[in-house]
Amino acid sequence: MECFFDTANIPEIEKSLSMYPCLGVTTNPSILKSEGSVDFFPHLLQIRQLIGNQRSLHVQLIAQDCQGMLAEAAVLHETLGQRVFVKVPVTEQGLRAMRHLKNGGYNVTATAIYGKMQGLLALEAGADYIAPYCNRMQNMDVDPWDVIACLRQLGDEGQYPGRILAASFKNVGQIMAALEHGAHAITVPPAMLRSALGLPAIQRAVDDFTADWEDTFGAGTNITDLLR
Ligand code: E4P
């Protein structure tokens, strides 16, 4: 599973890195807003330091015109390094920018995808990742699983290099559905991964095993004690 953390929360990233698979961190302006008043570049540099150079950092552009997007992407390259993935919303201006950026050797994540044609156009523009917004599509009565399955099929048939990075999740069921329908990757807040381990039955099973162990070998004894 290619899994990314969809958060800009430093303690959350730090805590989760040792527990959950993480190929990188994705951010957007709303994710940054939820961190309160942060300094944009120092905060992103801190995330980069935390995740290291092997994982990817995805940062969204703000400008809505192609020229502005290219200027912002250049600044992201200069400050965050050439490994940064520039997130570009799939608008007409965004598609134009993506083509320029790919020609310039940038890594591009096409974002804000709500439909099949939009995703296909992003693949055509050469995006490295395309990010369909699963929960937001469901909110609008669009079937995200149909969109993902279709984009996966067209992507495979057309041999586009772009990978499907499913995004915008509100529960674990949506994450699994995205993967089942062909998403190559998912980006999720780590708290959502944690919630998959939150079933009371899981802890109850662990407690029951502990109780049986203690009945057999004595309370407070563990496996290492039995070697002595
Ligand atoms: C990821 O890169 C997207 O921007 C994000 O998953 C959107 O999530 P939301 O629909 O919860 O805002």
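This text goes with the structure placed above it.
Reference entry: report on the structure contained in this document. (Residues numbered from 1 in each chain as written. Predicted model: local features only at pLDDT ≥ 70, side-chain atom pairs only at ≥ 80, totals over all residues. Heavy atoms only, no water.)

### Concerning the site of the ligand
Keep this limit in mind: In these notes, residues near a molecule or strand are those with any non-hydrogen atom within 4 Å of it. Here a polar contact is recorded for every N or O atom pair within 3.5 Å, except that within protein the pair must consist of a potential hydrogen donor and a potential acceptor, and residues adjacent in sequence are included only if both atoms are side-chain atoms. Accessible surface area values rest on a Shrake-Rupley calculation with a 1.4 Å probe, where residue burial reflects the displayed protein chains alone. Polar here means any residue outside two lists: the nonpolar Ala, Val, Leu, Ile, Met, Phe, Trp, Tyr, Cys and Pro, and the charged Asp, Glu, Lys and Arg; Gly therefore counts as polar.
Lining the immediate surroundings of the ligand are D6, T26, N28, K87, Y133, R136, A167, S168 and K170. The contact in question runs from an oxygen atom of the ligand to an N or O atom on the side chain of N28, over 2.7 Å. With respect to the ligand, the side chain of R136 contributes an N or O atom lying 2.7 Å from an oxygen atom. A total of 340 Å² of accessible area belongs to the ligand in isolation, and the protein chains cover 86% of it. Of the residues belonging to the shell around the ligand, the class tally is 2 nonpolar, 3 polar and 4 charged.

### Topic: a nonpolar patch on the surface
Convention followed: Residues enter patches when their relative accessible area tops 30% and they take part in no salt bridge; the joining distance is 9 Å for like charges and 5 Å for the nonpolar side chains Val, Leu, Ile, Met, Phe, Trp and Tyr. The working definition used for a salt bridge is a side-chain nitrogen of Lys or Arg within 4 Å of a carboxyl oxygen of Asp or Glu. The secondary structure listing takes helices from DSSP runs of H or I that are at least 4 residues long and strands from runs of E that are at least 2 residues long, numbered from the N terminus. Here's how the labels work: a residue is buried when its accessible area is under 20% of the maximum for its type, exposed when over 50%, partly exposed in between, all with a 1.4 Å probe on protein chains only.
Together, L197, L199, I202 and V206 line one region of the surface with nonpolar side chains, adding up to about 360 Å² of accessible area. Within the element layout of this structure, L197 appears in the loop between α10 (190-195) and α11 (200-217). The class of L197 is exposed, set by a relative accessible area of 55%.

### Description of the packing of helix α1 (residues 10-17) against helix α3 (residues 40-51)
Quick reminder of the rule: To obtain an axis, a line is fitted to C-alpha atoms, over the contacting stretch when the element is a helix, and the angle between two such axes runs from 0 to 180 degrees between their N-to-C directions. An angle below 35 degrees is read as roughly parallel, one above 145 as roughly antiparallel, one from 65 to 115 as roughly perpendicular, and any other as oblique. Two residues form a contact once any of their heavy atoms are found within 4.5 Å.
Running from amino to carboxyl end, α1 crosses α3 at an angle of 5°, the nearest separation of the two axes being 10 Å. As judged from the angle between their axes, α1 and α3 are roughly parallel. Taken together, the residues of α3 that come into contact with α1 (itself represented by I10, I13, E14 and L17) are H43, Q46, I47, L50 and I51. Broken down by class, the residue content of the contact of α1 with α3 amounts to 6 nonpolar, 2 polar and 1 charged.

### Concerning the environment of Q118
Here Q118 shows up in helix α6 (residues 116-124). Measuring from C-alpha to C-alpha, the distance between Q118 and V90 comes to 6.7 Å, with 28 residues separating the pair along the chain. Residues contacting Q118, with those up to four places away along its chain left out, are V90, A112 and I113. Polar side-chain contacts of Q118 include one of 2.8 Å to the backbone oxygen of A112.

### Points about the packing of α6 against helix α8 (residues 144-158)
What counts here: The hand of a helix crossing depends on one turn: near helix anticlockwise from the far one by less than a right angle means left-handed, and clockwise means right-handed.
At a closest axis distance of 9 Å, the pairing of α6 and α8 adopts a crossing angle of 30°. α6 and α8 meet at a crossing whose hand is right-handed. Contact residues: α6 offers K116, G119, L120 and L123, while α8 offers D146, V147, C150, L151, L154 and G155. Partitioned by chemical class, the residues of the contact of α6 with α8 number 6 nonpolar, 2 polar and 2 charged.

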